[in-house]
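Chain by chain, the residues:
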Amino acid sequence: MRPYDFPPDLLRDQTAWCSTYRQLADGASAASPTEGRPRLLELSARIADHPFWRGSAGTPAARMDLKELVQRNVHSATPVVRRAG
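Residues numbered from 1 in each chain as written. Predicted model: local features only at pLDDT ≥ 70, side-chain atom pairs only at ≥ 80, totals over all residues. Heavy atoms only, no water.

Undergrad: Summarise the packing of aromatic side chains; cite the residues concerned and give the values.
TA: On inspection of all chains with the given rule, the structure shows 5 aromatic pairs. A ring pair is formed by F52 and W53, whose centres lie 5.1 Å apart and whose planes are at 80°; its orientation type is edge-to-face. For W53, a relative accessible area of 8% translates into the label buried. In textbook terms, an aromatic cluster arises when at least three aromatic residues are bridged by ring pairs, as seen for Y4, F6, F52 and W53. For R63, the ring lying beneath its charged end belongs to W53, and the centroid distance is 4.4 Å. (Phe/Tyr/Trp six-rings, centres within 6.5 Å; stacked < 30°, edge-to-face > 60°. Buried < 20%, exposed > 50% of the residue type's maximum accessible area, 1.4 Å probe, protein only. Lys NZ or Arg CZ within 6 Å of the ring centre and 35° of its normal.)

What follows is the structure, encoded as structure tokens:
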């Protein structure tokens with residue numbers, strides 16, 4: 001059981017943020033910098049302003065838990081591509 005019960009839309013937006021960031025960092029063709037950066041900004045604003053954070057669970061620890069939970073799920077679902085060099 002997770003210590004926080006994150007709303008589905010918050011999980012979705014954080015997952016999209018993590019995936020978009022990873023695509024940009026990896027130089028993936030699916031997200032060009034001109035598309036990816038504005039998308040990150042939009043998602044960052046939606047995540048930061050989500051009503052969940054205004055409640056009693058809206059602590060820095062909860063924010064870290066959300067990031068770690070999503071990163072574990074994204075990394076386990078996406079093979080890691082290592083570049084030579």
